[in-house]
Amino acid sequence: MTLLDATASAAARRAILARLRGAAPAQPLPTPDLAPFFQSPFGRGVQGERPAPADLIAPFEAAARGWRAEVLHASPANWPAAVQQVLQQRGCRHLAVGQGFPGLHALTAQLAPQLGHGLTLHPFASPLEDWKPQLFDQIDAGLTCAAAGVADTGSLVLQPGPGEPRTLSLVPPLHIAVLPARRLYASLAAAWSALQPQADMPTNLLLISGPSKTADIQQVLAFGAHGPKELVIVLVNDLQNDSEVCA
Amino acid sequence: MNTPHTKPVHEAPLTFVDPRHFKANTQVAVDDAHLRKSFRSAMDFLQTKRAAHFGTAQGALPPDGPAEVRDAKTAFETLRRQGEAIRQYSLSKLPDLLEQLDAQLTARGVQVHWASTPAEANALFLAIAQQHGARGMVKGKSMVSEEIELNHRMAEHGITCLESDMGEYIVQLAGERPSHIIMPAIHKTKQQIAELFAQHIPGTSYTEDVDELIATGRRVLRHEFRDAKIGVSGVNFLVAETGSLVLVENEGNGRMCTTVPEVHIAITGIEKVVEKLEHVLPLYALLTRSATGQAVTTYLNVITGPRRVQGEAPELDGPRELHLILLDNGRSQAYREADFRPTLQCIRCGACMNHCPVYARIGGLAYGTTYPGPIGSIISPHLMGLDPTQDLPTASSLCGACGEVCPVGIPIPELLMQLRHAAKHEAEPGHAPLAGQASARDWKEEAAWKTWAKLSSSPTLYRNFVGLAGRLSWLTPPWQAGWTAHRTPLKPASQSLRARLKGAGLE
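Computed from a prediction, not measured in an experiment: that's the story for all the values here.

Conventions adopted
- Residues numbered from 1 in each chain as written.
- Chains lettered and ligands numbered in written order.
- Predicted model: local features only at pLDDT ≥ 70, side-chain atom pairs only at ≥ 80, totals over all residues.
- Heavy atoms only, no water.
- UniProt positions renumbered as here; feature names shortened; annotations may be inferred.
- Helix = DSSP H or I, 4+ residues; strand = E, 2+ residues; numbered from the N terminus.
- Pairing = 2+ DSSP bridges.
- Contact = heavy atoms within 4.5 Å.
- Axes fitted to C-alpha atoms, helices over the stretch in contact; angles between N-to-C directions.
- Patch = residues over 30% accessible without salt bridge, like charges linked within 9 Å, V, L, I, M, F, W, Y side chains within 5 Å.
- Areas by Shrake-Rupley, 256 points an atom, 1.4 Å probe, with all protein chains shown as cover.
- Salt bridge = Lys/Arg side-chain N within 4 Å of Asp/Glu carboxyl O.
- Buried area = accessible area lost by both parts, 1.4 Å probe.
- Polar contact = N/O pair within 3.5 Å; in protein donor to acceptor, adjacent residues only side chain to side chain.
- pLDDT = per-residue confidence, 0-100.
- Buried < 20%, exposed > 50% of the residue type's maximum accessible area, 1.4 Å probe, protein only.

**Some points on the UniProt feature "domain: LUD" (unreviewed entry) in chain A**
Link 1 in the chain: Here, the residues flagged by UniProt with the feature "domain: LUD" (unreviewed entry) are residues 68-236 of chain A.
Link 2 in the chain: Across residues 68-236 of chain A, the secondary structure splits into 22% helix and 31% strand, with the terminal C-alpha atoms separated by 19 Å.

**A closer look at the sheet that holds strand E8 (residues 273-274) of chain B**
Link 1 in the chain: Read across the open sheet, the eight strands follow the order E8(A)-E5(A)-E6(A)-E9(A)-E9(B)-E6(B)-E5(B)-E8(B); overall the sheet is mixed. Every other strand in the sheet has two partners, leaving strand E8 (184-185) of chain A together with E8 of chain B as the edge strands with one partner each.
Link 2 in the chain: Relative to E8(B), strand E5 (residues 237-239) of chain B runs parallel, the two sharing two bridges. Counterpart to Val239(B) in the pairing with E8(B) is Val274(B).
Link 3 in the chain: Strand contacts of helix H7 (residues 188-195) of chain A: strand E5 (148-150), strand E6 (155-158), E8 and strand E9 (204-208) of chain A together with strand E9 (299-303) of chain B, with the helix running at about 160° to E5(A), the strand carrying the most contacts.

**Brief notes about a nonpolar patch on the surface**
Link 1 in the chain: Judged by side-chain polarity, Trp449(B), Trp452(B), Tyr462(B) and Phe465(B) come together as a nonpolar surface patch covering roughly 450 Å² of accessible area.
Link 2 in the chain: Elements with a minimum of two residues in the nonpolar patch: helix H20 (443-456) and helix H21 (459-471) of chain B.

**Thoughts on the interface of chain A and chain B**
Link 1 in the chain: Each partner contributes to the interface: chain A provides 84 residues, whereas chain B provides 108 residues.
Link 2 in the chain: For the pair chain A and chain B, the summed buried surface comes to about 8,200 Å²; carbon and sulfur atoms form 63% of the total.
Link 3 in the chain: Considering only the surface of chain A that becomes buried against chain B, Leu4(A), Ile217(A) and His226(A) emerge as the three largest contributors, covering 10% of it.
Link 4 in the chain: At the boundary of chain A and chain B, one finds nine salt bridges.
Link 5 in the chain: Across the pair Asp96(B) and Arg21(A) runs a salt bridge, and its minimum N-O distance is 3.0 Å.
Link 6 in the chain: Across the chain A-chain B interface, the total number found is 43 residue pairs in polar contact (both at pLDDT 80 or more).
Link 7 in the chain: Looking at the side of chain A that touches chain B element by element, the count peaks at ten residues for helix H1 (residues 6-23) of chain A.
Link 8 in the chain: Sheet topology places E9(A) next to E9(B); five bridges connect them, and they run antiparallel.

**A few points about the confidence of the model for chain B**
Residues and elements named next belong to chain B.
Link 1 in the chain: With 94% of its residues at a pLDDT of 70 or more, chain B has an overall mean of 92.
Link 2 in the chain: Of the regions scoring below 50 in pLDDT, residues 1-15 engages in 34 contacts with residues more than four places distant in sequence or in other chains.
Link 3 in the chain: For this predicted complex, the interface score ipTM comes out at 0.97, alongside a pTM of 0.94.

**Looking at the pattern of salt bridges**
Link 1 in the chain: Going through the model one piece at a time under the given rule, you end up with 32 salt bridges over all chains.
Link 2 in the chain: Linking Arg90(A) and Glu70(A) is a salt bridge whose minimum nitrogen-to-oxygen distance equals 2.9 Å. Of this pair, Arg90(A) sits in helix H4 (residues 79-90) while Glu70(A) sits in strand E1 (residues 70-74); the two residues are 20 residues apart in sequence, bridging distant segments of the chain.
Link 3 in the chain: Classification of Arg90(A) as partly exposed rests on a relative accessible area of 25%.
Link 4 in the chain: Between Glu147(B) and Arg331(B) there is a salt bridge whose closest N-O contact spans 2.9 Å. Placement of the pair is Glu147(B) in helix H6 (residues 143-147) and Arg331(B) in helix H13 (residues 331-336), with a sequence separation of 184 residues. Across the pair, Arg331(B) and Glu147(B) agree in class, each one buried.
Link 5 in the chain: Connected through salt bridges with shared partners, the residues Arg13(A), Arg21(A), Asp96(B), Glu99(B) and Asp102(B) form a single ionic network.

Structural data, given as structure tokens:
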């Protein structure tokens, strides 16, 4: 058995850094000024006034649909019913959800009549290893809450963590994401600038745009390559509310 | 020439790895009608998709052209300047950033390994696999793993590496290599893929339905993701300040490989690091639009450490162990000279190959290198030495399309010229030679040019020579090395231009 040779790696590290140091310029270039990017269409919404989320709903929906995501509109009161409808329409029997899902109570109450009668709610409560086969082979849908939505590209920003494991948005064939409208930003740059993930970097940060896809066979676009085959976004219009639905 | 460059003619499909056979390979590739058709349509497709965001690659801005085209070009230029500035800045402090990255990653529980050569990198993979008693690994797309020939080296030790990117999976089933860095199976038709699946995957019958083919791949590979102990991936960007690995993909196999198995091993080149998380934003905007003409990919996956199990709320998934292997493999040679350093600005979008008239005709396999096309012709000489790769920089008409579309402003045509020069000449005093420098040096050719220079710099000698050549033009051989392979022989005119003008009374 070969052992992981820390000395070899350390020697390579010294050698590589010495080669680079011997050639690196004495003075590094000045830090790039990203102002032109933030003033361009690609990085808009960071500088100046933030575009109103209400104005971003329609562009978000159009862009998300462009990636073949389905967008459903819901109110702060009826979003659990919207989730239920999505499950019913597709005949889903096993829904997985993180323990930290903020609307878990409201959802459980809504689904109560079905629970035990064809529908099971699986809280993601133990390490993946404990129920990997079930997650892979039995769960039809995973439910998450989005940390932000990006209007220009129709993308969701997800910040998985203990309360919302990463595989919920990856393994089940259907991914349902609840997105409060007040979390809409114009561009990815604007969303990141608001979330400031670099302040306390989560172990995983995701940008998701539509269901999994590939064009590897003769440039023909096919969906459901390895990740979810379907992405349904429940867009909750909470703009008139005092507090966020998914806080 | 020191090495045989036009030896055996290979049978299609081109599955070999040897840039020394480049010239012979190009003939095989050009003669393969299927291959040419596949590449032509794929390149047209990718060019059109990119143009929808950035305008076309051809020519300067038309001042009276359609406004949206002008706007797209202007937006591209702005974005490109940002991308170029970020890459140049990052390279200017590369050793510092690598040390910062190493410290940040280590603090977050990532095991960082360094490798100067492919052999060192493979030894690391092997040691990690053996430590875990793993007999297999499931792989996301990684060109650096192709560079070190990970699959073959692991197979020598009884460890199976299964490719999980659909294109890579197809290429691996066929026993071939990727022909494009973004779309690895671009050279295969759906009929060929249908045959491959029917032949190799039990319980699969022949179908040309792409959705069905993808569903088959999905079914087979999901078991692998579920059961594999080790997942392998490449990296698109490393962020020094936060200690993050950034991966860009559409399929979700990259997320599978980096999330589900107990151990995740990432491998990448030392040049991929940027300083700040926000530096990724312009580069990501450039990468996806340049590569496949998408404003975003399905997934942008930022990984900062393995599963966090300490504390009140332990995480429930993600790899328990995360390794990053930083590979040099000749990159520090490119870094050494300011002239060659821009080679390392590359973000591996593939736009240069998509727009290269040579690549579009011969495809990626003919190059015999991990990285084909224009970028491959400027990076491979550093990875493999100039001796085996000396023909690659000549595979260009210097039309400039590659430089024009490059999202980070790499002056590819200039670099091709510099490598042509380095292949033919010894290093200048005060400069360390490149590996294989001057390996294409040809004494006969040099003597011919020297003589020509001598003749041209003396009016008397030149007049006498031209006069003599004109009178003896009947002696010109009908066979003139490579020239007459596709052209009529060169013959000196019976009279020089000057003499003719004089005769016409025009001097």
